[in-house]
Amino acid sequence: EAGVAQSPRYKIIEKRQSVAFWCNPISGHATLYWYQQILGQGPKLLIQFQNNGVVDDSQLPKDRFSAERLKGVDSTLKIQPAKLEDSAVYLCASSLDPSVYYEQYFGPGTRLTVT
Amino acid sequence: SQQGEEDPQALSIQEGENATMNCSYKTSINNLQWYRQNSGRGLVHLILIRSNEREKHSGRLRVTLDTSKKSSSLLITASRAADTASYFCATVLTGSSNTGKLIFGQGTTLQVKP
């Protein structure tokens, strides 16, 4: 089966610019996650969707980050305006039913560099 | 905040040797998972152990869980150069069992020398 798709793979922007990342989960997976992974650290959950509804966005910096999952399939994560500390890898993951199958499947990530 | 702390931060061994990584956590969990991350394949799920289990095996992987000490260990036997990667433990807290929210540790970087 096809895995989680993400684009772009790399992005370099200047601070105060905006950027958007796209994710397409595994077909049939109702739950979609966005993580931020800073170099040398483990991934940190930013937002979790169940179908097109938000389950958890407690760690999403809502003054600059936004995410949507229209139609309950693919999702977009946006940063506006970007700061230097946003430089990280942004990972998208999906799962079938997180209350039963706890394994998450990750995409290759988007490496963001903010200069 | 990160729930898990991993030890050691970095580990270097020779091919054929065993590698052991440890993970400690702070609050009650539903399950604990181990993931591997390398540049070639991204972040990949390795094994899951539930809070009522003490040991699980999968191929060359052996995971133990001690809920009284709030700790887990991952043993990779007969390591190979291809095992070179970063290994992360991730917990699903008891209160998050319906959402499956993962909290990752900082990871252990393993280098296996041929």
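Above this text you will find the structure in question.
Since we're looking at a predicted model, the values are computed, not measured.

Criteria and cut-off values
Residues numbered from 1 in each chain as written. Chains lettered and ligands numbered in written order. Predicted model: local features only at pLDDT ≥ 70, side-chain atom pairs only at ≥ 80, totals over all residues. Heavy atoms only, no water. Disulfide = S-S within 2.5 Å. Helix = DSSP H or I, 4+ residues; strand = E, 2+ residues; numbered from the N terminus. Buried < 20%, exposed > 50% of the residue type's maximum accessible area, 1.4 Å probe, protein only. Pairing = 2+ DSSP bridges. Axes fitted to C-alpha atoms, helices over the stretch in contact; angles between N-to-C directions. 1 Å grid on protein atoms, 1.4 Å probe; cavity = no way out; pocket = protein on both sides within 12 Å on 5 of 7 lines; lining within 4 Å. Points joined across faces, edges and corners; volume = space filled by probe spheres on them. Nonpolar A, V, L, I, M, F, W, Y, C, P; charged D, E, K, R; others polar. Polar contact = N/O pair within 3.5 Å; in protein donor to acceptor, adjacent residues only side chain to side chain. Contact = heavy atoms within 4.5 Å. Buried area = accessible area lost by both parts, 1.4 Å probe. Salt bridge = Lys/Arg side-chain N within 4 Å of Asp/Glu carboxyl O.

**Section: the state of the cysteines**
Residues and elements named next belong to chain B.
Item 1. Per the counting criterion, the structure on display carries two disulfides over all chains.
Item 2. Each disulfide pairs two cysteine sulfurs, and for Cys 23 the partner residue is Cys 89, the sulfurs being separated by 2.0 Å. Since a negative S-S torsion denotes a left-handed disulfide, the Cys 23-Cys 89 link at about 65° is right-handed. Of this pair, Cys 23 sits in strand 3 (residues 19-24) while Cys 89 is found in strand 9 (residues 85-93), placing the two residues 66 residues apart along the sequence. Taken as a pair, Cys 23 and Cys 89 share a single burial class, namely buried.

**Some thoughts on the sheet that holds strand 3 of chain B**
Residue and element names in this part refer to chain B.
Item 1. With antiparallel pairing, five strands are arranged side by side in an open sheet as 1-3-8-7-6. Strands at the two margins of the open sheet, each flanked by one partner only, are strand 1 (5-7) and strand 6 (55-58). Pairs of neighbouring strands in the sheet enclose a mean axial angle of 15°, with direction left out of account.
Item 2. Pairing analysis gives three bridges linking strand 1 to strand 3, with the strands arranged antiparallel. What sits directly across from Glu 6, in strand 3, is Cys 23.

**Observations regarding the layout of surface pockets**
Item 1. In this structure, the largest pocket spans a volume of roughly 810 Å³.
Item 2. Forming the walls of the largest pocket are 40 residues, and the residues nearest its centre are Gln 37 and Pro 108 of chain A together with Gln 37, Asn 38 and Gly 42 of chain B.
Item 3. A per-class count over the lining of the largest pocket returns 14 nonpolar, 22 polar and four charged.

**Digging into the side chain of Ser 79 of chain B**
Residues and elements named next belong to chain B.
Item 1. Tracing the backbone through its elements, the reader meets Ser 79 in the loop between strand 8 (71-76) and strand 9.
Item 2. Residue Ser 79 is classed as buried on the basis of its relative accessible area of 2%.
Item 3. A polar side-chain atom of Ser 79 sits 2.8 Å from the main-chain carbonyl oxygen of Glu 17.
Item 4. Filtering out sequence-adjacent residues up to four positions away, Ser 79 remains in contact with Ile 13, Gln 14, Glu 15, Gly 16, Glu 17, Arg 60 and Val 112.

**Digging into the pairing of strand 5 (residues 44-50) of chain A**
Residues and elements named next belong to chain A.
Item 1. With respect to burial, strand 5 is a largely interior element, five of its seven residues being buried.
Item 2. With antiparallel pairing between neighbouring strands as the criterion, strand 4 (residues 31-37) and strand 5 make up a hairpin whose turn holds six residues, including Gly 40 at a positive phi of roughly 85°.
Item 3. Alignment of strand 5 against strand 6 (residues 53-56), held across three bridges, turns out to be antiparallel. Among the inter-strand pairings, Gln 48 is bridged to a residue of strand 6, identified as Asp 56.
Item 4. If you look at the hairpin formed by strand 5 and strand 6, you'll find two residues sitting between the two strands, and Asn 51 has a positive phi there, around 55°.

**Overview of the interface of chain A and chain B**
Item 1. Contacts between the two partners involve 21 residues from chain A, matched on the other side by 22 residues from chain B.
Item 2. Both sides of the chain A and chain B interface together cover about 1,600 Å² of buried area, and 49% of this is carbon and sulfur.
Item 3. Considering only the side of chain A, the residues that lose the most area to chain B are Pro 43, Tyr 102 and Phe 106 of chain A, jointly responsible for 35% of the buried surface there.
Item 4. The partner of Asp 56 of chain A in a salt bridge is Lys 101 of chain B, with the nearest N and O atoms 3.2 Å apart.
Item 5. Summed over the shared surface of chain A and chain B, the number is six residue pairs in polar contact (both at pLDDT 80 or more).
Item 6. Those elements that place two or more of their residues in the side of chain A that touches chain B are strand 4, strand 5 and strand 6 of chain A.

**Some remarks on the environment of Asp 83 of chain B**
Item 1. Structurally, Asp 83 of chain B is set in the loop between strand 8 and strand 9.
Item 2. Note on Asp 83 of chain B: relative accessible area 6%, which makes it buried.

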